[in-house]
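# What the coordinates show
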Amino acid sequence: MKVRNIKSLPIVLEDSAEIIGTVEKAVIGDDFKLAYLVIKRDEADSGILLRDDFRLGEDSVLIWDASCIKSYAHGEESSIYEKKIGDVIFDLQGREMGVLSDFIINCEDKQVRGVELSSGVIMDILEGRNEIPLQKIRWAGINSVMMEQKGSEFK
């Protein structure tokens with residue numbers, strides 16, 4: 001699942017199927033795991049759900065107990081997501097392949113399994129965006145990524 005698709009998912013209480021909020025933001029830790037979700041319960045109330053306190057699904061986030069929602073006061077997150085989106089991706093010959101447009105999360109273990117590569121509007125429309133497994137890339141600098149092989153081979 002792409003991180004951008006997690007935003008706005010409903011938070012559902014398992015026992016009653018009651019929707020108690022929506023996801024406002026997914027925070028990825030430096031270990032490339034989903035650290036927690038920032039959620040919106042109503043206009044004035046936000047909270048966080050730690051990684052072990054919810055099940056991530058394609059259509060919703062399932063929690064077992066509303067007491068697992070922790071207080072959140074719009075603090076600073078150290079999310080790798082905001083730091084890396086837009087990084088330029090190069091192949092090993094130094095050719096620019098595109099930009100990192102999203103992270104792909106495994107719903108079961110909440111670990112980043114890959115990244116999405118955007119090659120520009122025209123190429124994205126014609127060929128779609130490529131997904132590159134996380135183990136095939138290395139962070140080369142503050143704003144750049146090197147990949148071991150051409151991304152289209154990993155679709």
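Below is a summary of the structure that appears in this document.

### Observations concerning the packing of aromatic side chains
Taken as a whole and judged by the stated rule, the model has 2 aromatic pairs. Seen in terms of ring centroids, Tyr81 and Phe103 are 5.9 Å apart; in terms of plane orientation they differ by 45°. Their pairing is tilted. Of this pair, Tyr81 sits in helix H2 (residues 80-84) while Phe103 sits in strand E9 (residues 96-105), and the two are 22 residues apart along the sequence. Side by side, Tyr81 and Phe103 carry an identical accessibility label, which is buried. Feature note: the residues Phe32, Tyr81 and Phe103 constitute an aromatic cluster, connected by ring pairs. The ring of Phe54 carries Lys110 above its face, with NZ or CZ at 4.6 Å from the centroid.

### Quick notes on the pattern of salt bridges
This model, assessed by the stated rule, comprises 8 salt bridges. A salt bridge links Asp87 to Lys84, with the nearest nitrogen and oxygen atoms 3.4 Å apart. On the accessibility criterion, Lys84 (10% relative accessible area) is buried. The partner of Arg113 in a salt bridge is Glu131, and the shortest N-O contact between them spans 3.8 Å. Placement of the pair is Arg113 in strand E10 (residues 112-118) and Glu131 in strand E11 (residues 130-133), with a sequence separation of 18 residues. For Arg113, a relative accessible area of 44% gives the class partly exposed.

### Looking at the pairing of E9
With respect to burial, E9 is a largely interior element, 8 of its 10 residues being buried. Sheet topology places strand E8 (residues 88-90) next to E9; 3 bridges connect them, and they run antiparallel. Residue pairing across strands places Val88 opposite Val99, the latter belonging to E9. Where E9 and E10 come together, 6 bridges link them in antiparallel fashion. For Val99, the partnering residue across the bridge sits in E10 and is Ser118.

The rules behind the values
- Residues numbered from 1 in each chain as written.
- Predicted model: local features only at pLDDT ≥ 70, side-chain atom pairs only at ≥ 80, totals over all residues.
- Heavy atoms only, no water.
- Phe/Tyr/Trp six-rings, centres within 6.5 Å; stacked < 30°, edge-to-face > 60°.
- Helix = DSSP H or I, 4+ residues; strand = E, 2+ residues; numbered from the N terminus.
- Buried < 20%, exposed > 50% of the residue type's maximum accessible area, 1.4 Å probe, protein only.
- Lys NZ or Arg CZ within 6 Å of the ring centre and 35° of its normal.
- Salt bridge = Lys/Arg side-chain N within 4 Å of Asp/Glu carboxyl O.
- Pairing = 2+ DSSP bridges.

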